[in-house]
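Close look at the chain arrangement
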Amino acid sequence: MDDEAILHGDNLPLLGALPDASFQLVYADPPFNTGREQARRTLATAAAEDGDRTGFGGRRYSTRLLDRRAYPDRFDDYLGFLEPRLRELRRVLAPAGTLYLHLDYREAHYVKVLLDDVFGRDAFLNELIWAYDYGAKPRRRWPAKHDTILVYVRDPARYAFHADAVEREPYMAPGLVTAEKAARGKLPTDVWWHTIVSPTGREKTGYPTQKPERLVRRMLQASTLPGERALDPFAGSGTLGAAARALGRRFLLIDSSAEAVSVMERRLGLRARARLTA
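All of these numbers come straight from a predicted model, not from anything done at the bench.

1. Quick look at unusual backbone geometry
In this model, alanine 21 sits at a positive phi of 50 degrees, which is unusual for a non-glycine residue. One can find alanine 21 in the loop between α1 (11-16) and β2 (23-28). Here the phi dihedral of threonine 209 falls at roughly 65 degrees; this positive angle occurs in a residue that is not glycine. Along the chain, threonine 209 turns up in the loop between β9 (191-193) and α5 (213-223). Since its relative accessible area comes to 30%, threonine 209 is described here as partly exposed.

Shown next as structure tokens:
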């Protein structure tokens, strides 16, 4: 198996062709089953007195659509779609391996029951909350500004967790700890505060639902060592590959979308294939 690879196709048969116990970490970010199209537009703006947008200080700007990327996000049987893939992901996890499954509030509670069945309830390690503050804010309910990442391990007696390798973060109340502890920072808890990918930042690929590298880097630091393999079967913009490469991990990315594969090829400088070579 290559150290770095992108596969283009339905992940279910591609997963079925992978060897048992071949990955130390799986990060899976499947479609969220929102029932609507996921889209991202790239706009160019220019100052104009008769523009269609108002900016800071009342200045007017005109906008021009440069690019639009989208994919459908609706399944009639979401759990039926996920279950065979989750069983394959468990099979390809190494004995000390870990699954990070990224979901939103619509399906997380249903999928956790399914994961308890596939992995066993004793294999549940954590429910991580990625909290952010961006986007529309409804006026008729509490704004939903978090995703859920369910963490399950292949073997509860053997899983890896490298706490000392994880980047530490500042204490929220540094005055309540010693100066030495405040300077060192703390291990992140199960609530991860981090902004979305900046629309103008270096990470931006323009792909809908792109996740920040820092989130995935934290998972890799905790659950893998340099040289170990990581898998993303819903790879999207290739964030796992970018983070894994930076940390010296090997990776396999899979996606059925030609658009996603094109983004990954440009981002990582790799050519996608329809299947793995021996």
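2. As for the packing of α5 against helix α6 (residues 239-247)
Two elements in contact, α5 and α6, have axes separated by 9 Å at closest approach and are oriented at 55 degrees. Between α5 and α6, the angle is such that the two are oblique. Helix-helix and strand crossings are classified by hand; for α5 and α6 the assignment is right-handed. Facing Glu213, Val216, Arg217, Leu220 and Gln221 of α5, the residues of α6 in contact are Thr239, Leu240, Ala242, Ala243, Ala244 and Leu247. A class-by-class count of the residues in the contact of α5 with α6 yields seven nonpolar, two polar and two charged.

3. Things to note about the packing of aromatic side chains
One pass over the full model with this rule turns up four aromatic pairs. One aromatic cluster is present, built from ring pairs that chain together Phe119, Phe124 and Tyr152.

4. What to know about the sheet that holds strand β7 (residues 124-131)
Hydrogen bonds between backbone atoms are what pair the strands of a sheet, whose relative direction is either parallel or antiparallel. What the eight strands build is an open sheet, ordered β1-β11-β10-β2-β6-β8-β7-β9; its pairing is mixed. The open sheet terminates on both sides in strands that have one partner only, identified here as β1 (4-8) and β9. In this sheet, adjacent strand axes meet at a mean angle of 15 degrees when their direction is disregarded. Two strands pair when backbone bridges link them, and strand β6 (residues 93-103) and strand β8 (residues 146-153) are joined in this way by six bridges, in the antiparallel orientation. In the sheet register, leucine 99 faces β8, and the bridge partner there is tyrosine 152. Helix α2 (residues 78-92) rests against β2, β6 and β10 (229-232) of the sheet, and its axis sits at about 155 degrees to β6.

5. A short note on the confidence of the model for the protein
Mean pLDDT over the protein stands at 87; residues scoring 70 or higher make up 85%. A low-confidence stretch, residues 38-43 stays under pLDDT 50, and its non-local contacts, those more than four residues away or across chains, total 31 contacts. Within the model, the stretch residues 65-73 combines pLDDT values under 50 with 42 contacts to residues more than four positions away or in other chains.

6. A closer look at α5
Along an α-helix, a turn takes 3.6 residues, which lines up residues three or four apart on a common side. Of all eleven residues in α5, nine are buried; the element is thus mostly enclosed. All of the buried residues in α5 are Glu213, Leu215, Val216, Arg218, Met219, Leu220, Gln221, Ala222 and Ser223.

7. What to know about a nonpolar patch on the surface
Taken together, the side chains of Tyr159, Phe161 and Leu187 make up a nonpolar region of the molecular surface, amounting to roughly 250 Å² of accessible area. Along the polypeptide, phenylalanine 161 turns up in the loop between β8 and α4 (179-184). Classification of phenylalanine 161 as partly exposed rests on a relative accessible area of 42%.

Basis of the calculations
Residues numbered from 1 in each chain as written. Predicted model: local features only at pLDDT ≥ 70, side-chain atom pairs only at ≥ 80, totals over all residues. Heavy atoms only, no water. Helix = DSSP H or I, 4+ residues; strand = E, 2+ residues; numbered from the N terminus. Buried < 20%, exposed > 50% of the residue type's maximum accessible area, 1.4 Å probe, protein only. Axes fitted to C-alpha atoms, helices over the stretch in contact; angles between N-to-C directions. Parallel < 35°, antiparallel > 145°, perpendicular 65-115°, else oblique. Left-handed = near helix turned anticlockwise from the far one by under 90°. Contact = heavy atoms within 4.5 Å. Nonpolar A, V, L, I, M, F, W, Y, C, P; charged D, E, K, R; others polar. Phe/Tyr/Trp six-rings, centres within 6.5 Å; stacked < 30°, edge-to-face > 60°. Pairing = 2+ DSSP bridges. pLDDT = per-residue confidence, 0-100. Patch = residues over 30% accessible without salt bridge, like charges linked within 9 Å, V, L, I, M, F, W, Y side chains within 5 Å. Areas by Shrake-Rupley, 256 points an atom, 1.4 Å probe, with all protein chains shown as cover. Salt bridge = Lys/Arg side-chain N within 4 Å of Asp/Glu carboxyl O.

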